[in-house]
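# Observations on chain architecture
Here are the chains, one letter per residue:
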Amino acid sequence: MDGRDWNLFLLPYEQAVEELKVKFRTLRSELKTRQSYAPIEFVTGRVKRISSILEKAKRLNVPMDKLEEGIEDIAGIRIMCQFVEDIYIVADSIRQRKDMSVVYEKDYVANHKESGYRSYHIIVEYPVQTALGLKKVLAEVQIRTLAMNFWATIEHSLNYKYKEQLPEHVKERLRKAAEAAFRLDEEMSSIRKEILEAQRAFEDSSNLVSNVLSGIQELYFYHRVREAARFQLRFNELWEHEDVIGLKMLAEEIRQSVERAKGEAAFGGRS
């Protein structure tokens, strides 16, 4: 092992992971706002442990002075999707970005590994602004469904236990589990429309309730106590009967009342 300062060596990768997590989470929020649906479920990231870097370098015969080019996943981002179709939507959005460059891609979804492993890998070159200037680092972005991630997590744990030498009976059971996970993904894709409609309905209902209760609180803030209490009683009754149409009408009434309260407060009206 060379005498490098590993903390300094890993700093740009740590910065890259943090920035990429923020960017992909922002992408998720923007897509959800624009399209009411985001193909990204959630985003995680990590910097490879020093021991893992050394083990991989040894396995791949990467010289210590070539780690930055030879180990492409020191910085790792994982993007989870609900559906297989979403994986390719996310991959396409990464290709179109101007703040990183795609080096190459590996589609282990359409062409899974012998073990059953499925995931979509994109190696990107990402520019990090350090105290010494601009530094481009490689990062691996893995895009997979929740089912694929569950399987991959279990496989990783077993490989660690058996030191990459899995017994044949374990390998076979893992392959069967991988196929079962992929069949689950296919089944979910077949009812994708129904799932999304149900999720949108739930989210719309949650937002409606939030808007009503926030409006009532605003009326209390403007000292419209009687008005707020009356709206609260109506909300309780409508919520009890799951009257969505009534809640929408109530939300509009509350919005108008809040606007009147704001107007009167601005012009020195009653408090």
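Position labels on residues start from 1 in each chain and follow its written sequence. Local features in a predicted model are, by the rule used here, given only for residues with pLDDT of at least 70; side-chain atom pairs are given and counted only at 80 or more, and totals for whole chains, interfaces and linings are based on all residues. In computing side-chain properties, one takes all heavy atoms of the structure into account and sets aside hydrogens as well as water.

### Thoughts on the nonpolar core
In these notes, a set of buried Ala, Val, Leu, Ile, Met, Phe, Trp, Tyr and Cys residues joined through side-chain atoms within 4.5 Å is what counts as a nonpolar core. Working definition: with a 1.4 Å probe on protein chains only, accessible area under 20% of the residue-type maximum means buried, over 50% means exposed, and in between means partly exposed. Core analysis: the largest hydrophobic core is formed by 41 residues, its most contacted members being Phe24, Ile79, Ile94, Val141 and Ile143. Per the convention used, a helix needs a DSSP run of H or I reaching at least four residues, while a strand needs a run of E reaching at least two, with both numbered from the N terminus. Of the residues forming this core, the biggest block, 10 residues, is contributed by helix α1 (residues 6-35). For Phe24, the contacting residues outside a window of four places in its chain are Ile40, Val43, Ile77, Ile79, Ile94, Arg97, Met100 and Val141. Among the nonpolar cores identified, the runner-up in size contains 14 residues, and Leu208, Ala228, Ala251 and Ile254 belong to it. Throughout, a contact is declared for two residues whenever any of their heavy atoms are within 4.5 Å.

### Considering the pattern of salt bridges
When a carboxyl oxygen of Asp or Glu lies within 4 Å of a side-chain nitrogen of Lys or Arg, that pair is called a salt bridge. According to the stated counting rule, one finds 19 salt bridges in the structure shown. Ionic pairing is found between Lys56 and Asp73, a salt bridge with its closest N-O pair at 3.1 Å. Residue Lys56 is found in helix α2 (residues 50-60), and its partner Asp73 is found in the loop between α3 (67-70) and β2 (75-81); the two are separated by 17 residues along the sequence. Residue classification places Asp73 among the buried residues on the basis of a relative accessible area of 8%. Of the charged contacts in the structure, one is a salt bridge between Arg224 and Glu227, with a shortest N-O distance of 3.0 Å.

### Description of the packing of helix α6 (residues 168-190) against helix α7 (residues 192-221)
Contact pair α6 / α7: the axes reach a minimum separation of 4 Å and the direction vectors enclose 70°. Relative to α7, the element α6 is oriented roughly perpendicular. Here Met188, Ser189 and Ser190 of α6 come into contact with α7, specifically with Arg192, Glu194 and Ile195. Here the residues of the contact of α6 with α7 sort into 2 nonpolar, 2 polar and 2 charged. Here the axes come from fitting lines to C-alpha atoms, over the contacting stretch only for helices, and the angles between their N-to-C directions go from 0 to 180 degrees. For this classification, under 35 degrees means roughly parallel, over 145 means roughly antiparallel, 65 to 115 means roughly perpendicular, and everything else is oblique. Nonpolar residues are Ala, Val, Leu, Ile, Met, Phe, Trp, Tyr, Cys and Pro. Charged residues are Asp, Glu, Lys and Arg, and all others, Gly as well, are polar.

### Quick word on the packing of aromatic side chains
Here a Phe, Tyr or Trp ring, Trp counted by its six-membered ring, pairs with any other such ring whose centre lies within 6.5 Å, and the pair is stacked when the planes are under 30 degrees apart, edge-to-face when over 60, and tilted otherwise. Within the structure shown, the criterion is met by 6 aromatic pairs. Both rings, one in Phe9 and one in Tyr13, keep their centres 5.6 Å apart while their planes meet at 45°; by these two values the pair is tilted. Of this pair, Phe9 and Tyr13 both sit in helix α1, separated by 4 residues, roughly a single helical turn. Take Phe9 and Tyr13: they sit in the same class, and that class is buried. The interplanar angle of 15° and the centroid separation of 6.2 Å between the aromatic rings of Phe235 and Trp239 together place this pair among those described as stacked. Of the two residues, Phe235 and Trp239 both sit in helix α8 (residues 225-240), 4 residues apart, roughly one turn of that helix. Among the residues examined, Phe235 registers a relative accessible area of 6% and is labelled buried. Judged by relative accessible area, which is 47%, Trp239 ranks as partly exposed. Three or more aromatic residues joined by ring pairs make a cluster, and in this case those are Trp6, Phe9 and Tyr13.

### Some words on the sheet that holds strand β5 (residues 133-145)
The criterion for strand pairing is that DSSP finds at least two bridges linking the strands in question. One open sheet holds the 5 strands; their spatial order is β1-β2-β5-β4-β3, and the pairing between them is mixed. The open sheet terminates on both sides in strands that have one partner only, identified here as β1 (42-47) and β3 (101-107). Here the average twist between neighbouring strands, direction ignored, is 25°. As defined by bridge partners, β3 adjoins strand β4 (residues 120-130) across 6 bridges and the pair is classed as antiparallel.

### Considering the pairing of β4
The pairing of β4 with β5 spans 11 bridges and is antiparallel. Considered in β5, the bridge of Thr130 is made with Gly133.

### What about unusual backbone geometry?
One non-glycine residue with positive phi stands out, namely His223, at about 65°. Residue classification places His223 among the exposed residues on the basis of a relative accessible area of 53%. Positive phi, close to 55°, is recorded for Glu242, a residue that is not glycine. Residue classification places Glu242 among the exposed residues on the basis of a relative accessible area of 68%.

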